[in-house]
Amino acid sequence: FIDSNSLQIRNAAGNETQAIFTEDGAVELYHNNIPTLFTTGIGITVGLTTLQSNGNAAFAGITTIGGNLNVTGNSFFVGMVTFAGGTDGNITLGDGAGDNVVFNADVNSNIIPNTDNAFDLGSSSQQWRDLHLTGTANIDTLDVDATSNFADDITLQTDNGNNIVFDKSA
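Residues numbered from 1 in each chain as written. Predicted model: local features only at pLDDT ≥ 70, side-chain atom pairs only at ≥ 80, totals over all residues. Heavy atoms only, no water.

We now examine the sheet that holds strand 4 (residues 34-40). Read from one edge of the open sheet, seven strands run 1-2-3-4-5-6-7, paired in antiparallel fashion. For this open sheet the edge positions go to strand 1 (6-10) and strand 7 (57-59), each flanked by a neighbour on one side alone. Taken pair by pair, the neighbouring strands of this sheet meet at an average axis angle of 10°, ignoring direction. Examined bridge by bridge, strand 1 and strand 2 (residues 17-22) share five bridges and lie antiparallel to one another. Following the sheet pairing, Ile9 is matched in strand 2 by Ala19. (Pairing = 2+ DSSP bridges. Helix = DSSP H or I, 4+ residues; strand = E, 2+ residues; numbered from the N terminus. Axes fitted to C-alpha atoms, helices over the stretch in contact; angles between N-to-C directions.)

Another aspect to go through is the pairing of strand 2. The turn joining strand 1 and strand 2, which pair antiparallel and follow one another in sequence, is formed by six residues; a positive phi near 75° is taken by Gly14. Summarising the sheet, strand 2 and strand 3 (residues 27-31) pair through three bridges and their orientation is antiparallel. Bridged to Ile20 within strand 3 is Glu28. Hairpin connection between strand 2 and strand 3: a loop of four residues separates the two successive antiparallel strands, and Asp24 in this loop has a positive phi of roughly 55°.

On to the pattern of salt bridges. Counted according to the given criterion, the structure contains one salt bridge. Residues Arg129 and Asp130 are paired through a salt bridge, measuring 3.7 Å at the closest nitrogen-oxygen approach. Using a relative accessible area of 78% as the deciding quantity, one classes Arg129 as exposed. (Salt bridge = Lys/Arg side-chain N within 4 Å of Asp/Glu carboxyl O. Buried < 20%, exposed > 50% of the residue type's maximum accessible area, 1.4 Å probe, protein only.)

With that settled, the discussion passes to the layout of surface pockets. Considering only enclosed or pocket space, the largest pocket measures out at about 2100 Å³ in volume. Along the wall of the largest pocket there are 33 residues; nearest its centre are Asp120, Leu121, Gly122, Trp128 and Leu131. Of the residues contributing to the lining of the largest pocket, the split by class is 14 nonpolar, 12 polar and seven charged. Here the second largest pocket defines a volume of roughly 1400 Å³. Lining the second largest pocket are 27 residues, with Phe59, Leu69, Val71, Ser75 and Phe77 positioned closest to its centre. Tallied by class, the residues present in the lining of the second largest pocket amount to 14 nonpolar, 13 polar and no charged. (1 Å grid on protein atoms, 1.4 Å probe; cavity = no way out; pocket = protein on both sides within 12 Å on 5 of 7 lines; lining within 4 Å. Points joined across faces, edges and corners; volume = space filled by probe spheres on them. Nonpolar A, V, L, I, M, F, W, Y, C, P; charged D, E, K, R; others polar.)

Turning next to the pairing of strand 8 (residues 154-157). As paired strands, strand 8 and strand 9 (residues 163-166) are joined by four bridges and run antiparallel to one another. Counted as the bridge partner of Leu156 is Ile164 from strand 9. Count of turn residues in the strand 8/strand 9 antiparallel hairpin: five residues, of which Gly161 carries a positive phi of about 95°.

Another point: the environment of Leu121. Mapping Leu121 onto the fold places it in the loop between strand 7 and strand 8. Placed 55 residues apart in sequence, Leu121 and Gly66 show a C-alpha to C-alpha distance of 36 Å.

This is how it looks when you write it as structure tokens:
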């Protein structure tokens, strides 16, 4: 037994801290004179990772988890997050039709399907509202509702370069 309000263990030379034990306070463990593990009133901090008794975890710096990371509840990331598809190359967001993926930022890349002519944008029961384009729209088939109201004339160019103009006033 060592009875003390505070105990510090140092190396034989007395110039590196190895551990500090404080009464009613933290236990601190050091590696090469650098603090690496601390106890707190609600959990532990290992390096830049904090684990709390309420189930919260905070990771800072580079954190490697070899295996699955299952998170229940909300996750909050600050900075850039990169998801790599692993051995199958797939990244899945959500696991059912009732799930939502929400973007509160601009998409800064192309959105390209991995198979030609295999995926839809929207459906007959869940349609996108407005389509805003600048540049050329390459559309194989255009099916327009009879109730559509066009602000300007529509000009279509055929494969041989001829133009077909639909006059809105007609």
